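Fold and contact review
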Amino acid sequence: MSKLHLVFGGRVKDPQGLEFTDLNQMHIVGLFDNYADAEDAWRANAQRTVDDAEMKYVVVHLHRLLEPEIEKKA
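One structure accompanies this document, and this report is about it. (Residues numbered from 1 in each chain as written. Predicted model: local features only at pLDDT ≥ 70, side-chain atom pairs only at ≥ 80, totals over all residues. Heavy atoms only, no water.)

Quick word on the side chain of asparagine 45
With respect to the helices and strands, the residue asparagine 45 is situated in helix H1 (residues 35–48). Since its relative accessible area comes to 10%, asparagine 45 is described here as buried. When neighbours within four sequence positions are excluded, asparagine 45 is seen to be in contact with His27, Val29 and Tyr57. (Helix = DSSP H or I, 4+ residues; strand = E, 2+ residues; numbered from the N terminus. Buried < 20%, exposed > 50% of the residue type's maximum accessible area, 1.4 Å probe, protein only. Contact = heavy atoms within 4.5 Å.)

Re the nonpolar core
Residues Leu6, Phe8, Val12, Phe20, Met26 and Val58 constitute the largest nonpolar core, which totals six residues. When residues no more than four places from it in sequence are discounted, the contact partners of valine 12 are Gly17, Glu19, Phe20, Thr21, Glu54 and Lys56. (Core = buried A, V, L, I, M, F, W, Y, C linked by side-chain atoms within 4.5 Å.)

Overview of the sheet that holds strand S1 (residues 5–11)
Strand order in the open sheet formed by three strands is S2-S1-S3, and the pairing between neighbours is antiparallel. A single partner strand is all that each edge strand has here, and the edge strands are strand S2 (27–32) and strand S3 (55–61). The mean inter-strand angle of the sheet, taken between neighbouring strand axes irrespective of direction, is 15 degrees. As judged from the five bridges shared by S1 and S2, these two strands associate in the antiparallel manner. Bridging across to S2, glycine 9 finds its partner in histidine 27. Running over the sheet, H1 touches S1, S2 and S3 and is turned about 175 degrees from S3. (Pairing = 2+ DSSP bridges. Axes fitted to C-alpha atoms, helices over the stretch in contact; angles between N-to-C directions.)

Rendered as structure tokens:
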């Protein structure tokens, strides 16, 4: 099974938090079937916006949300 990862970003209220201000303006970078590719995409976008403290990109481990019992066994 692929370990799906979602990379997205947007403007946040607090640079230390994850409360995004405008969901309509979110940048969906894409879905990736391995963490290495997701991390590369995250890093490229995070570095592109490094001077804007209110922009944040994240990697979400979708496979953990879809099948949490697999993670518990590992």
